[in-house]
Amino acid sequence: FKDCNNGCLEECMGEAGSKPVMGTLKAKDLIITPATILKEKPDPNTVVFGTVFTDHMLTIEWSSEFGWEKPHIKPFQNLSLHPASSALHYAVELFEGMKAFRDVDNKIRLFRPNLNMDRMHRSALRATLPGFDKEELMECILQLVKLDQEWVPYSTSASLYIRPTLIGTEPSLGVKKPTKAMIFVILSPVGSYFSKETLNPVSLWANPKFVRAWKGGTGDCKMGGNYGSSLFAQCEAVENGCQQVLWLHGEDNQITEVGTMNLFLYWINEDGEEELATPPLDGIILPGVTRQSILDLARKWGEFKVSERYLTMGDLTTALEQNRVKEMFGSGTACIVCPVSDILFKGETLHIPSVENGTKLATRILDKLTDIQYGREESDWTIILS
Ligand SMILES: *Cc1c(COP(=O)(O)O)cnc(C)c1O
Ligand SMILES: *[C@@H]1O[C@H](CO)[C@@H](O)[C@H](O)[C@H]1NC(C)=O
Ligand SMILES: *[C@@H]1O[C@H](CO)[C@@H](O)[C@H](O)[C@H]1NC(C)=O
């Protein structure tokens, strides 16, 4: 980093710097090469998550020399990469996850996509990947969804998953900030997360020997390396008869996240107050769009205390002993909310009475957010594809 004093900061900020606008990402430069053969669309009720892709994809190449090239929508196809590409060796890469919904009036809606663009940009800077104009990228993604709009399921339980990705394509083995990179966006129809109207609860495995994220690390960015390195713990969770990992942190076993979801506890807190609590964004928590939306909703409802605060396994076990826990649930784009039924911790199963207490809050949140996503309720949280 010795020559990072003056020029680099600006360079790291990509388009935010005051350099000439050469190589800026612009949606009006889009080149569209339509597919000649269209694929058959799957039944969204039986399709396995992330296995089927639409007819087109978006790619945008970048180099430090020329900036962003013209965005290109083209038939879905394999990438051709230099085998030394830094994404493949050093995980210089990041991704996003969001959805398009077909609403009750047959219009296509996206849910708070600007928050995904903001997060993607933050992840890019943290990964030393190039910055980009968030609105222009958004517009390119909208054009892609528009071209493949027949792939947005005709169903108010299914949706089209959107996976923007930014990878370092530096063709050398040097561990350094890439001089080449590429954005690509692929689309995949996904079914309902839950089998029927009921919310299926999950069991969690909590073992402090594995750590997902740490202060000063990259846990607050959707960088691929965070996920590849979590699989070993996930396998151990399954070997121990649990479905997901409850990620703990620190000497006091702070409860941080569950699998790839944020975590909420709805309880009567130590001071006897009804409270919805989730850990604060202190650098080890991924700032979920669903997390933010739940906090926004609950604060607007104003019916109970809403807190971003630390929660430890000790706090939870005491509350369980004193019968103060109402519900615990994970939150994320895939399921929106996912109730927790059990936590296996230090050889003991702690039962969380989410289901006994009717998953009332989780269900209320699920209903509210799906009403917005499928246009049963108008909200400035959705944008309609024109
Ligand atoms: C993506 C993700 C979430 C959920 O974020 P949403 O924007 O709500 O989908 C939570 N935790 C982790 C670790 C994640 O990767
Ligand atoms: C893409 O790559 C996969 C894996 O190597 C291969 O099976 C498939 O045939 C390739 N598709 C095309 C169109 O070349
Ligand atoms: C949650 O459900 C359990 C089991 O039915 C019950 O004993 C408890 O009182 C409920 N807790 C709260 C805080 O409502």
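The structure displayed is predicted, hence computed values, not measured ones.

**Considering the packing of aromatic side chains**
- Per the stated rule, a full pass over the model turns up 10 aromatic pairs.
- Here Phe 101 and Tyr 374 contribute two aromatic rings whose centre-to-centre distance is 5.1 Å and whose plane-to-plane angle is 80 degrees, an arrangement assigned as edge-to-face. Of this pair, Phe 101 sits in strand 6 (residues 98–102) while Tyr 374 sits in the loop between helix 9 (360–373) and strand 19 (382–384), placing them 273 residues apart in sequence. This pair shows no difference in class: Phe 101 is buried, exactly as Tyr 374 is.
- An angle of 15 degrees between the planes, with centres 5.5 Å apart, marks the rings of Phe 264 and Phe 329 as stacked. Residue Phe 264 is located in strand 13 (residues 261–268), and its partner Phe 329 is located in strand 16 (residues 325–332); the two are separated by 65 residues in the primary sequence. In terms of burial, Phe 264 and Phe 329 fall into one category: buried.
- An aromatic cluster is present here, built from Trp 205, Phe 210 and Phe 232 joined pairwise through their rings.

**Some details on the UniProt feature "modified residue: N6-(pyridoxal phosphate)lysine" (unreviewed entry) in the protein**
- In the numbering used here, UniProt assigns the feature "modified residue: N6-(pyridoxal phosphate)lysine" (unreviewed entry) to Lys 222.
- Mapped onto the secondary structure, Lys 222 falls in the loop between strand 10 (202–206) and helix 5 (224–228).
- Here Lys 222 is in contact with Leu 94, Phe 95, Glu 96, Arg 119, Ser 123, Tyr 227 and Leu 286, once residues within four sequence places are set aside.

**Notes on empty space enclosed by the protein**
- Counting across every chain of the model gives one cavity of 30 Å³ or more.
- Quantified by volume, the largest cavity comes out at close to 120 Å³.
- What lines the largest cavity is Gly 97, Met 98, Lys 99, Phe 101, Phe 111, Asn 116, Val 289, Thr 290, Thr 333, Ile 336 and Gln 373.
- Listing elements by their share of the lining of the largest cavity, those giving two or more residues are strand 6 and helix 7 (289–301).
- Ranked by residue count, the leading element in the lining of the largest cavity is strand 6, at three residues.
- For the lining of the largest cavity, the class distribution of residues is five nonpolar, five polar and one charged.

**What about the nonpolar core?**
- Counting 39 residues, the largest nonpolar core has Leu 58, Leu 137 and Leu 166 as the members making the most contacts within it.
- Considering every element that reaches this core, the biggest residue donor is helix 4 (residues 134–147), with seven residues.
- Residues in contact with Leu 58, not counting those within four places in the same chain, are Leu 30, Pro 71, His 72, Ile 73, Leu 137, Cys 140, Ile 141, Leu 144, Ile 183, Phe 184 and Val 185.
- Formed by 26 residues, the second largest nonpolar core is a distinct cluster that contains Val 202, Leu 248, Met 313 and Leu 316.

**Focus: the pattern of salt bridges**
- Under the defined criterion, the tally for this structure stands at 19 salt bridges.
- For Glu 96, the salt bridge identified is with Arg 119, shortest N-O distance 2.8 Å. With Glu 96 in the loop between strand 5 (93–95) and strand 6 and Arg 119 in helix 3 (residues 113–126), the pair connects residues that are 23 residues apart, well separated along the chain. In this structure, Glu 96 and Arg 119 share a single accessibility class: buried.
- The closest approach of N and O atoms between Arg 212 and Glu 257, which form a salt bridge, is 3.0 Å. In this pair, Arg 212 is assigned in the loop between strand 10 and helix 5 and Glu 257 in strand 12 (residues 254–258), connecting sequence segments 45 residues apart. Glu 257 carries the same exposure label as Arg 212, and that label is buried.
- Shared partners join several salt bridges into a network, and the residues in it are Glu 270, Glu 275, Arg 309 and Asp 315.

**Quick look at the site of ligand 3**
- In the vicinity of ligand 3, the contacting residues are Asn 323, Val 325, Lys 326, Pro 353, Glu 356 and Asn 357.
- One nitrogen or oxygen atom from the side chain of Asn 323 is found 3.3 Å from an oxygen atom belonging to ligand 3.
- Within the complex, the protein chains bury 59% of what would otherwise be the 370 Å² of accessible surface of ligand 3.

**A few points about the pairing of strand 12**
- Counting buried positions over the five residues of strand 12 gives five, a clear majority of the element.
- Pairing analysis gives four bridges linking strand 11 (residues 244–249) to strand 12, with the strands arranged antiparallel. Across the sheet, residue Leu 248 finds its bridge partner in strand 12, namely Ile 255.
- With two bridges connecting them, strand 12 and strand 13 associate as antiparallel partners. Bridged to Glu 257 within strand 13 is Asn 262.
- Hairpin connection of strand 12 to strand 13: two residues between the antiparallel strands, including Gly 259 at a positive phi of 55 degrees.

Parameters and conventions
Residues numbered from 1 in each chain as written. Chains lettered and ligands numbered in written order. Predicted model: local features only at pLDDT ≥ 70, side-chain atom pairs only at ≥ 80, totals over all residues. Heavy atoms only, no water. Phe/Tyr/Trp six-rings, centres within 6.5 Å; stacked < 30°, edge-to-face > 60°. Helix = DSSP H or I, 4+ residues; strand = E, 2+ residues; numbered from the N terminus. Buried < 20%, exposed > 50% of the residue type's maximum accessible area, 1.4 Å probe, protein only. UniProt positions renumbered as here; feature names shortened; annotations may be inferred. Contact = heavy atoms within 4.5 Å. 1 Å grid on protein atoms, 1.4 Å probe; cavity = no way out; pocket = protein on both sides within 12 Å on 5 of 7 lines; lining within 4 Å. Points joined across faces, edges and corners; volume = space filled by probe spheres on them. Nonpolar A, V, L, I, M, F, W, Y, C, P; charged D, E, K, R; others polar. Core = buried A, V, L, I, M, F, W, Y, C linked by side-chain atoms within 4.5 Å. Salt bridge = Lys/Arg side-chain N within 4 Å of Asp/Glu carboxyl O. Near = heavy atom within 4 Å. Polar contact = N/O pair within 3.5 Å; in protein donor to acceptor, adjacent residues only side chain to side chain. Areas by Shrake-Rupley, 256 points an atom, 1.4 Å probe, with all protein chains shown as cover. Pairing = 2+ DSSP bridges.

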